[in-house]
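Architecture and fold: a report
Below, each chain spelled out in residue letters.
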Amino acid sequence: MVTTVNELTMESAGNIGFRNREQIRYNILSTIQNTIELYSLKEKANLDFIFTRKDYSDYECLGDPIILKQIFLDIFNTIEAQSSDCLQR
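In what follows, the accompanying structure is described. (Residues numbered from 1 in each chain as written. Predicted model: local features only at pLDDT ≥ 70, side-chain atom pairs only at ≥ 80, totals over all residues. Heavy atoms only, no water.)

1. Here we look at the packing of aromatic side chains
The description of an aromatic ring pair rests on the distance of the ring centres and on the angle between the ring planes. Which entries qualify depends on this criterion: Pairing of aromatic rings covers Phe, Tyr and Trp, the last counted by its six-membered ring, and requires centre-to-centre distances within 6.5 Å; plane angles under 30 degrees mean stacked, over 60 mean edge-to-face, and any other angle means tilted. To qualify as a helix, a DSSP run of H or I must reach at least 4 residues; to qualify as a strand, a run of E must reach at least 2; elements of each kind are numbered from the N terminus. Burial status follows relative accessibility: with a 1.4 Å probe on protein chains alone, a residue under 20% of its type maximum counts as buried, one over 50% as exposed, and anything between as partly exposed.
One pass over the full model with this rule turns up four aromatic pairs. With 5.9 Å between their ring centres and 90° between their planes, Tyr39 and Phe49 make a pair best called edge-to-face. Here the residue Tyr39 occupies a position in helix 2 (residues 28-40), and Phe49 occupies one in the loop between helix 2 and strand 2 (60-63), the gap between them amounting to ten residues. Taking the relative accessible area as the measure of exposure, Phe49 reaches 29% and is therefore partly exposed. Ring plane angle 55° and centroid distance 4.7 Å describe the contact between Phe49 and Phe76, whose orientation is recorded as tilted. Note that Phe49 is positioned in the loop between helix 2 and strand 2 and Phe76 in helix 3 (residues 65-88), a separation of 27 residues in sequence. Here the aromatic residues Tyr39, Phe49, Phe72 and Phe76 are joined through ring pairs into a cluster of three or more.

Next up, the structure:
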């Protein structure tokens, strides 16, 4: 899975170089929830999620939540593509 995430991240980055990005304090669970909601707005979203965590207080991180969102969106799209391929066989 780590290899897949790394490949997806590099694929998504395209020609974005490695540079020091500003570190932002964010809540990782809130970021994941927002990403799921964003994905669910997609016209043909074929994945269902169950995310029942209500207390986000102890999940503060320092980093770049935009990259995290992109990684999750890429993973969701890959899962969706692979599951539709399996259904077509």
